[in-house]
Amino acid sequence: MTSFARLLVASIIFLAPTLATAQDWPNRPVRIVSPFAAGGTADILARMVADHLSSVFKQQFFVENRGGAGGTIAVQGVVSSPPDGYNLVLTNISMLVTIPVMNPKLAYHPIRDLTNIAYVAGAPIVISVNGPSGIKSLDQLVALGKKQGKPLSYSSSGVGTNGHLLGESFGKLAKINIVHIPYKGAAIGITDLIAGHINFGLPVLGSIAAHLRSGALVPLAHSAGMRVPEYPDIPTLKEVGYPDLTTTTWFSLSGPANMPRPIAERLNREVAAMLKKPEIQARIQRDGMITEPMSIDEFGKFIAAETTRWKPVIEAAGLVSK
């Protein structure tokens, strides 16, 4: 037997178990861990993905809620699971970009320890004030910040979240003094914003839709690259003079490192197919979310670009732990 033939046989023997595993996957239920409490944006997206994959693969995909530590507990649990395609996690910008930059000693590396499978959707952040404030535009908010003697207070759903970092960037670009008020979750911060305990908030669009309709909150601008069809009257930050603040709080699907590529590719294709379904598009647009299908390799480059973008912002805000 020639050297080439021996190498070919060895390669086939080595790959056979992986190919067999990928071919009959899934032959038992698949877990998708949602890193936050039930009812939020992440949980809604996780259940959309689970329902679609259950229908397509004729096997149960179930959602398990496991919150804590900004979602990193859920990620760590999946990282330590076998890379066989039966343990997945809904990730987002915090878990894959901002928290790893803030904490260099984090128990997982977002690229080395994960198979990042698919971008699911991005939720625009809305700079919002309460109705009684009388503020109707971002210029008016900036004018208030320059006029009053004390800093404007603003809320986010936690230190290092996209809302927090967007707020810091906004304050610097607008040249106003601001103070961050972090909350353990978006709902509490929104309640305090409505009550007037803080000057402005940076929640995702879907989480305040009902309050926008009722007039309890007034949207000044959102962070998406273009206007959202369901909310055409809300200008983008780019339109009102802040093009560098274009971003979304995006969500994605990940699994443990070294998942068989055929399984990851099948999942990537099906997430893209799900996002094209009219009923899914209607639901996502109603919640103010934006879809942007990417291949696995494109998503990897996207994560790297987001890390490059937000790392200096995090460092400038003094958020990197020693």
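A brief look at the structure comes next.

About the thresholds
- Residues numbered from 1 in each chain as written.
- Predicted model: local features only at pLDDT ≥ 70, side-chain atom pairs only at ≥ 80, totals over all residues.
- Heavy atoms only, no water.
- Core = buried A, V, L, I, M, F, W, Y, C linked by side-chain atoms within 4.5 Å.
- Buried < 20%, exposed > 50% of the residue type's maximum accessible area, 1.4 Å probe, protein only.
- Helix = DSSP H or I, 4+ residues; strand = E, 2+ residues; numbered from the N terminus.
- Salt bridge = Lys/Arg side-chain N within 4 Å of Asp/Glu carboxyl O.
- Pairing = 2+ DSSP bridges.
- Phe/Tyr/Trp six-rings, centres within 6.5 Å; stacked < 30°, edge-to-face > 60°.
- Axes fitted to C-alpha atoms, helices over the stretch in contact; angles between N-to-C directions.
- Contact = heavy atoms within 4.5 Å.

## Thoughts on the nonpolar core
Here's step 1: Residues Phe61, Ile127, Leu141, Phe170, Phe200 and Leu267 are the most contacted members of the largest nonpolar core, which totals 58 residues.
Here's step 2: A total of 8 residues in this core trace back to one element, the largest contributor, which is helix H2 (residues 41-57).

## Things to note about the pattern of salt bridges
Here's step 1: Applying the stated criterion across every chain yields a total of 9 salt bridges.
Here's step 2: A salt bridge links Arg31 to Glu64; the shortest N-O distance between them is 3.2 Å. With Arg31 in strand E1 (residues 30-34) and Glu64 in strand E2 (residues 61-65), this residue pair connects regions lying 33 residues apart in the sequence.
Here's step 3: We note a salt bridge from Arg227 to Glu239, for which the minimum N-O separation is 2.9 Å. Here the residue Arg227 occupies a position in the loop between strand E9 (217-222) and strand E10 (249-256), and Glu239 occupies one in the loop between E9 and E10, the gap between them amounting to 12 residues.
Here's step 4: Among the residues examined, Arg227 registers a relative accessible area of 37% and is labelled partly exposed.
Here's step 5: Judged by its relative accessible area of 47%, Glu239 is partly exposed.

## Focus: the pairing of E9
Here's step 1: Most of E9 sits out of view: 5 of its 6 residues are buried.
Here's step 2: Inspection of the sheet shows strand E5 (residues 126-130) paired to E9 by 5 bridges, in the antiparallel sense. Across the sheet, the residue bridging to Val129 is Val218, located in E9.

## So, the packing of aromatic side chains
Here's step 1: Under the counting rule described, the total for this entry stands at 12 aromatic pairs.
Here's step 2: Where Tyr119 meets Phe299, the ring centres are 6.3 Å apart and the plane angle is 80 degrees; that geometry is what we call edge-to-face. Here Tyr119, found in strand E4 (residues 114-123), pairs with Phe299, found in helix H11 (residues 296-316); they are 180 residues apart in sequence, far enough to count as distant. Summarising the burial analysis for this pair, Tyr119 and Phe299 share the class buried.

## Focus on the sheet that holds strand E3 (residues 87-92)
Here's step 1: Strand order in the open sheet made by the 5 strands is E2-E1-E3-E10-E4, with mixed pairing throughout. Only two strands of the sheet have a single partner each, and these edge strands are E2 and E4. Ignoring strand direction, the axes of neighbouring strands in this sheet form an average angle of 25 degrees.
Here's step 2: Where E3 lies against E10, 4 bridges are found, and the strand directions are antiparallel. In the sheet register, Val89 faces E10, and the bridge partner there is Ser254.
Here's step 3: Packed onto the sheet, H2 meets E1, E2, E3, E4 and E10 and runs at close to 160 degrees relative to E2.

## So, unusual backbone geometry
Here's step 1: For the peptide bond that leads from Trp25 to Pro26, omega is -5 degrees, which places it in the cis range.
Here's step 2: Residue position: Pro26 is located in the loop between helix H1 (3-24) and E1.
Here's step 3: Despite not being glycine, Lys175 has its phi angle at roughly 60 degrees, a positive value.
Here's step 4: Looking at the element boundaries, Lys175 is found in the loop between helix H6 (162-174) and strand E7 (178-182).
Here's step 5: Positive phi values are uncommon outside glycine, yet Asn258 reaches one of about 70 degrees.
Here's step 6: With respect to the element layout, Asn258 can be found in the loop between E10 and helix H9 (261-276).

Read these as geometric descriptors, not functional statements.
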